[in-house]
Amino acid sequence: MKDNQSNPNPDNKKTLDPKNEGPKFNWKLVLSLLTAIVLGLALIFGIRTDWYGLANENNQDQTASNESSSEQNAESTSESGEASGEDASVAATSGEGDSAQLPNVSTDATTLLNQPKNLPSKFQYDSGYDIAYPEDGVKGIYLSAAGATDQALFDENMALLDETNLNSVVLDVKDDYGKITMDLPSEDDTVNNNETNSIDGEGIMQTFEDKQIYPIARITTFKDTNLANADSSRTFLTESGEVWTNGGGDAFLNPYNKDNWAYLVEVAKSAARAGYKDIQFDYVRFPEGFETFGETLTYDMGDYAEHGKSSTEARQMVIADFLAYAREELEPYGVDVSADIFGYVTDVVATPGIGQNYNMIAENVDVISSMIYPSHWGPGYFGLDYPDLYPYEVVQAYMEKENALNAELEESPVSRPWLQDFTASYLAEGTYAEYGAAEVQEQIDAVIESGANEYLLWDASNTYTRGVDYK
Amino acid sequence: MVLKKLSTLAIIGSSIGVLASCSATPDQVVTKSSENAHAMMGQLEAIQTQEMALQDAFEADLIADESLANLAESGTGATRENLQTRQEDFDELKSLFEDFQGQVESLNEFDETDFTAGEDFANFDASRQLADSVNTQMSAYIENYQAVLEKEEAYYTSLAAEDSDLTTFSDGLAEINGNFKTSQAALSEMLPDLTALAKLSQTENQAQ
């Protein structure tokens, strides 16, 4: 059967032989060729007249892309307000002239990921020192490196803390000249090069832990004569190219310089690693009177250059931004961030020269320590002829102002003012008082009566008054 | 015989026709590269939309559970999803860029003899230089952004490892932001030229 199918009848052979058929016109071939010619001509015509072709293909791509972008825009608009805000800035970035139909691409972002607000425990630093936040609030004294290393004075102050409600120490970690007073756990060369190791850091922290004394690291921030002289790119230069200094011979680091930010925050991180529970930035400001001479100095304003050297706003922004940066970077260390400010900042709110703005700083710290020493207010302030003579009234008047400002903030910082435990004998005779237990007590009473429960006592010589109810 | 000659002529004619149709004019290639620039901007926008959502995704995954399973290589959390989406958007950008590079090659094959008026060539040459710049700049951006994505991939995996600690966390974060800063610098350099190139086709469309 199979053979039959593969071998047709031999009788048919003759009828299938083309030689017996003669010439025949092949319509199929001719039609194919004509079709090919027509198609070729149509292709040429189409390309030349933009009927279709390259542009068409891309238009489709573009349409698809625009649709995709529209969807993404819609998505981002429906996200959080923060994201929408960023979108607005994105639109502005590429919004030049007739670019309204162009996709919005921004170059504003400087980081892809920021420090998260909440970290898993394994990413939080544990210094190994277990010191709790005082239940009744921080009530502390200041110790310099000299005070911490003078054993008799140190013992006397530890005894004072043992015997009273005082429970905290603010210790100079980076002093007024920029020297780092102890060996800090850091691999940063600049940190290590500026360490004096005058304080036994581990020993003193162990004492603090044993006595449950809440340790606050005072870091003199932008006043840093030491580093300014060592590296003039970090500071302000005079017209003749010298490092600028104030009347007291102090030089300042340029707050606009992000390398300075990184260094200062590395000092702060190192202090946190050493066991400190609160990082207190002092001198977190420009030099006094900067609005009067700052324009004559040479320095780089970095990311703030567009504002110009005369800008009060830029100075306030950079100080607040530094604190925000420090707080974010210190988040994994579980420490509080506090800032020392001039008392009058709370009164004027925005200072023209030093860059301290109460509201802007308050938003970026956990604690504000305003220096409200009665001796530091000029004659007539708060309606008082010589404020140093009226410790209670000065503190009361100040706290009213601070409370009023804090009441308007969404999240107000802890109030922990600096109080005066020294006699301002440099003032004119009759305009100052001898400060003792009564004057210190008056200030503390005014703080407590204002509703606050934290304060710090300052005496440069570290000798604090006994016989005070440190409530 | 007549039929054979006709067939040969038709085949030759068709071939010439096809060849002629494949060689686009300078204007057409400029338009195509401009439209491609527009499409690449669309992809950049898509990538940035995801970038803006990344922080929230990351924070959510960090607190979802202590083991950080969402961030692990096999994780399916919002961060990984964000990374995957950006990788896809980035791959699409690379694909568009490959097409664009072909167009730049085509542009560079034209010379003054392809133009009848000197002014036409000058205009064309300006567009070609724009495309050349974008070619170089986009190449740098793509290289840098690929590094960002790779660092992210490695970072999330390292965070989910049992022995990860604050150093892992902080150093990785700093490294990613460092790479991102570099890619943003490349983007900043490229964006003005890319925008100008993308506008060419828009202007043409508006004129029509």
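Keep in mind the model is a prediction, meaning the values are calculated, not measured. (Residues numbered from 1 in each chain as written. Chains lettered and ligands numbered in written order. Predicted model: local features only at pLDDT ≥ 70, side-chain atom pairs only at ≥ 80, totals over all residues.)

In this section: the overall build of chain B. When you go through chain B residue by residue, the secondary structure sums to five helices and zero strands. Burial analysis of chain B (208 residues in total) assigns 38% to the buried set. (Helix = DSSP H or I, 4+ residues; strand = E, 2+ residues; numbered from the N terminus. Buried ≥ 20, exposed ≤ 12 C-beta atoms within 10 Å, placed from the backbone.)

Summing up its helical and strand segments, chain A has 17 helices and eleven strands in all. Of all 471 residues assigned to chain A, the portion counted as buried reaches 38%. By sequence separation, contacts in chain A at least 24 residues apart represent 73% of the contacts at least 6 residues apart. (Contact = placed C-beta atoms within 7 Å.)

Tracing the sequence through the fold places valine 191 of chain A in helix 8 (residues 189–193). For valine 191 of chain A, the contacting residues outside a window of four places in its chain are Ile180, Leu184, Ser186, Glu266, Val267 and Ser270 of chain A.

The next thing to look at is helix 13 (residues 312–330) of chain A. A turn of α-helix holds 3.6 residues, and therefore any two residues three or four places apart point the same way. Residues and elements named next belong to chain A. Along its 19 residues, helix 13 runs 28 Å from first to last C-alpha, staying within 8% of the 27 Å computed at 1.5 Å per residue. Residues Ala314, Arg315, Gln316, Val318, Ile319, Ala320, Phe322, Leu323, Ala326, Arg327 and Leu330 constitute the buried set of helix 13. Buried residues along helix 13 sit against helix 11 (258–273), strand 6 (278–282), strand 7 (336–342) and helix 15 (358–362). (Expected span 1.5 Å × (residues − 1).)

A separate point is the packing of helix 2 (residues 26–64) of chain B against helix 3 (residues 78–109) of chain B. Between two packed helices, the angle of one axis relative to the other and the distance separating the axes together describe the packing. Residue and element names in this part refer to chain B. At a minimum axis distance of 9 Å, the contact between helix 2 and helix 3 shows a crossing angle of 165°. Judged by the angle between their axes, helix 2 and helix 3 are roughly antiparallel. At the point where helix 2 passes helix 3, the crossing takes the left-handed sense. Class assignment of the residues belonging to the contact of helix 2 with helix 3 gives a composition of 20 nonpolar, nine polar and six charged. (Axes fitted to C-alpha atoms, helices over the stretch in contact; angles between N-to-C directions. Parallel < 35°, antiparallel > 145°, perpendicular 65-115°, else oblique. Left-handed = near helix turned anticlockwise from the far one by under 90°. Nonpolar A, V, L, I, M, F, W, Y, C, P; charged D, E, K, R; others polar.)

This part is about the nonpolar core. Counting residues in hydrophobic clusters, the biggest one holds 92 residues, and the most contacted among them are Ile219, Ala268, Ala271, Ile279, Leu323 and Ile361 of chain A. Not counting chain neighbours up to four residues away, the residues in contact with alanine 271 of chain A comprise Val173, Leu184, Ala217, Ile219, Tyr276 and Ile279 of chain A. If you look at the next biggest cluster of nonpolar residues, it comprises 45 residues, including Leu112 of chain A together with Leu44, Tyr156 and Leu194 of chain B. (Core = buried A, V, L, I, M, F, W, Y, C linked by C-beta atoms within 7 Å.)

In this section: the pairing of strand 1 (residues 139–143) of chain A. All names here are of chain A. A large share of strand 1 lies buried, amounting to five of its five residues. Of the two faces of strand 1, both are covered, the one formed by Lys139, Ile141 and Leu143 as well as the one formed by Gly140 and Tyr142. As judged from the four bridges shared by strand 1 and strand 2 (residues 168–174), these two strands associate in the parallel manner. The residue bridging glycine 140 from the neighbouring strand is serine 168, located in strand 2. (Pairing = 2+ DSSP bridges.)

Before going further, it helps to examine the environment of glutamate 59 of chain B. Along the chain, glutamate 59 of chain B turns up in helix 2. Classification of glutamate 59 of chain B as partly exposed rests on a count of 18 C-beta atoms within 10 Å. Excluding residues within four positions of it along the chain, glutamate 59 of chain B makes contact with Pro116, Lys117 and Asn118 of chain A.

This part takes up helix 11 of chain A. Residue and element names in this part refer to chain A. Here helix 11 spans 22 Å end to end across 16 residues, near enough to the 22 Å set by a 1.5 Å rise per residue. Residues Asn260, Trp261, Tyr263, Leu264, Val265, Val267, Ala268, Lys269, Ser270, Ala271 and Ala272 constitute the buried set of helix 11. Turning to helix 11, the residues buried within the fold contact strand 2, strand 3 (180–182), helix 8, strand 5 (214–220), strand 6 and helix 13. Looking one or two places after helix 11, you find glycine 275, whose phi comes out positive at around 115°.

Moving on to the confidence of the model for chain A. Looking at chain A, pLDDT values average 86 and 80% of them are 70 or higher. Across residues 45–99 of chain A, where pLDDT falls below 50, the model places 62 contacts with residues more than four positions away in sequence or in other chains. (pLDDT = per-residue confidence, 0-100.)

Right, let's get into the packing of helix 11 of chain A against helix 13 of chain A. Residue and element names in this part refer to chain A. Following both chains from N to C, one finds helix 11 and helix 13 inclined at 40°, their axes separated by 10 Å at the closest point. By the angle class used here, helix 11 and helix 13 are oblique. The way helix 11 lies across helix 13 gives a crossing that is right-handed. Residues Trp261, Val265, Ala268, Lys269 and Ala272 of helix 11 lie in contact with helix 13, whose contacting residues are Phe322, Tyr325, Ala326, Glu329 and Leu330.

Next up on the list: the confidence of the model for chain B. Residues and elements named next belong to chain B. The pLDDT averaged across chain B works out to 87; a share of 85% of its residues lies at or above 70. Across chain B, helix 3 holds the top mean pLDDT of 96, while helix 1 (residues 2–22) sits lowest at 53. The low-confidence segment residues 16–21 (pLDDT under 50) makes ten contacts with residues lying over four places distant or belonging to another chain. Among the scores for the predicted complex, ipTM is 0.86 and pTM is 0.73.

On to unusual backbone geometry. Residues other than glycine seldom take positive phi values, yet tyrosine 283 of chain A does so here, at roughly 50°. By the element assignment, tyrosine 283 of chain A lies in the loop between strand 6 and helix 12 (290–293).

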